[in-house]
Amino acid sequence: MTIRKIATVGNPVLRQVARPVTPDELRAPETQAFIDDLIETMHDANGAGLAANQIYTPIRICAIEIKDNPRYPYKPNYPLTVLVNPEITKLTDETFGNVEGCLSVPNLRGEVQRCPIIRVKGQGRSGAPIDVEVRGLTAGTFQHEIDHLDGKLFLDRVTDPRTLATWTDFERFHQAAFVERARAIVARFGS
Ligand code: NI
């Protein structure tokens, strides 16, 4: 396994719409090794998720795992999930304000609106179908990662630029209030 370099904002690879992965391609040892690298790189950087474009490979694969994440201590844990060719359906018109950061946007956070109840369909790394309902803050994480596969960054969805903050200033001035809101979201949606 190899820890890969992570592309940062401004790199055109982050703006490419990633292409679907065929079943044959998914089974290939090179793709399976790539998925190992994606997971390893996510773990190394303490990411809650990582999309293939972020390691310079615009194919429709992303990984998500939340395990006592030091970057997002208020996020409920979610087991390691590899999504191949994921598709999202929003199950409500409601939105919630989620303060997001991104390994490809160093030292910046900002508030975006996310749907709190979604259905995600796709395949796992073995090709087995995935069909899950995802709620609350975790739904925000899934939408962030799948946005990457469409060439979108959370920055594109920040409606009020005044919510942008460095990580230090977020912790200093905004985290306490956001953690209260995050707890309310978790209490309401179960995650
Ligand atoms: Ni990101």
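So, how was this worked out
- Residues numbered from 1 in each chain as written.
- Predicted model: local features only at pLDDT ≥ 70, side-chain atom pairs only at ≥ 80, totals over all residues.
- Heavy atoms only, no water.
- Helix = DSSP H or I, 4+ residues; strand = E, 2+ residues; numbered from the N terminus.
- Rg over C-alpha atoms; globule rule 2.2 N^0.38 Å.
- Buried < 20%, exposed > 50% of the residue type's maximum accessible area, 1.4 Å probe, protein only.
- Expected span 1.5 Å × (residues − 1).
- Bend = angle between axes of the 7 residues up to and from the residue.
- Contact = heavy atoms within 4.5 Å.
- 1 Å grid on protein atoms, 1.4 Å probe; cavity = no way out; pocket = protein on both sides within 12 Å on 5 of 7 lines; lining within 4 Å.
- Points joined across faces, edges and corners; volume = space filled by probe spheres on them.
- Nonpolar A, V, L, I, M, F, W, Y, C, P; charged D, E, K, R; others polar.
- Salt bridge = Lys/Arg side-chain N within 4 Å of Asp/Glu carboxyl O.
- Donors = N, O, S within 2.8 Å, 3.2 Å for Na, K, Ca; no water.

## Notes on the overall build of the chain
Then, number 1: Helix and strand counts for the chain stand at 4 helices and 7 strands.
Then, number 2: Listing every helix and strand of the chain by position from the N terminus yields α-α-β-β-β-β-β-β-β-α-α.
Then, number 3: Over its C-alpha trace the chain gives a radius of gyration of 16 Å, about what one expects of a compact globule, namely 16 Å for 191 residues.
Then, number 4: Dimensions of the chain along its principal axes, counting C-alpha atoms only, are 50 × 30 × 30 Å.
Then, number 5: Counting only residues that meet the buried cut, the chain has 50% of its 191 residues in that class.

## Topic: helix α4 (residues 167-189)
Structural remark: α-helix, 3.6 residues per turn; residues separated by three or four positions point the same way.
Then, number 1: The first and last C-alpha atoms of α4 sit only 26 Å apart over 23 residues, clearly below the 33 Å expected at 1.5 Å per residue.
Then, number 2: Roughly 70° is the biggest bend found in α4, and it falls at H174.
Then, number 3: Those residues of α4 that fall on the buried side of the exposure criterion are W167, F170, Q175, F178, V179, A182, I185 and F189.
Then, number 4: Summarising the contacts, the buried residues of α4 are in contact with β4 (96-102), β5 (105-114), β6 (117-123), β7 (129-135) and α3 (136-149).
Then, number 5: Positioned one or two residues after α4, G190 has a phi angle of 85°, which is positive.

## Focus: empty space enclosed by the protein
Then, number 1: Applying the stated rule across the entire model yields 1 cavity of 30 Å³ or more.
Then, number 2: Y72, K75, G101, H144 and E145 are the residues nearest the centre of the largest cavity, which is lined by 17 residues in total.
Then, number 3: Of all the secondary-structure elements, those providing two or more residues to the lining of the largest cavity are β4 and α3.
Then, number 4: Classifying every residue of the lining of the largest cavity gives 5 nonpolar, 8 polar and 4 charged.

## Considering the pattern of salt bridges
Then, number 1: In total, this model carries 15 salt bridges according to the counting rule given.
Then, number 2: Between R4 and D37 there is a salt bridge, with its nearest N and O atoms 2.8 Å apart. Of the two residues, R4 is situated in the segment before α1 (23-27) and D37 in helix α2 (residues 29-44); the sequence distance between them amounts to 33 residues.
Then, number 3: A relative accessible area of 29% places R4 in the partly exposed class.
Then, number 4: If you follow the salt bridges from partner to partner, you end up with E100, R114, D147 and R157 in one network.

## What about the coordination of the nickel ion?
Then, number 1: Every protein donor of the nickel ion is listed here as C102 (SG), H144 (NE2) and H148 (NE2), and their distances to the metal cover 2.1 to 2.3 Å.
Then, number 2: One chain supplies every donor for the nickel ion, spaced along it as C-x41-H-x3-H. Note that C102 is positioned in strand β4 and H148 in helix α3, a separation of 46 residues in sequence.
Then, number 3: A relative accessible area of 5% means that C102 is categorised as buried.

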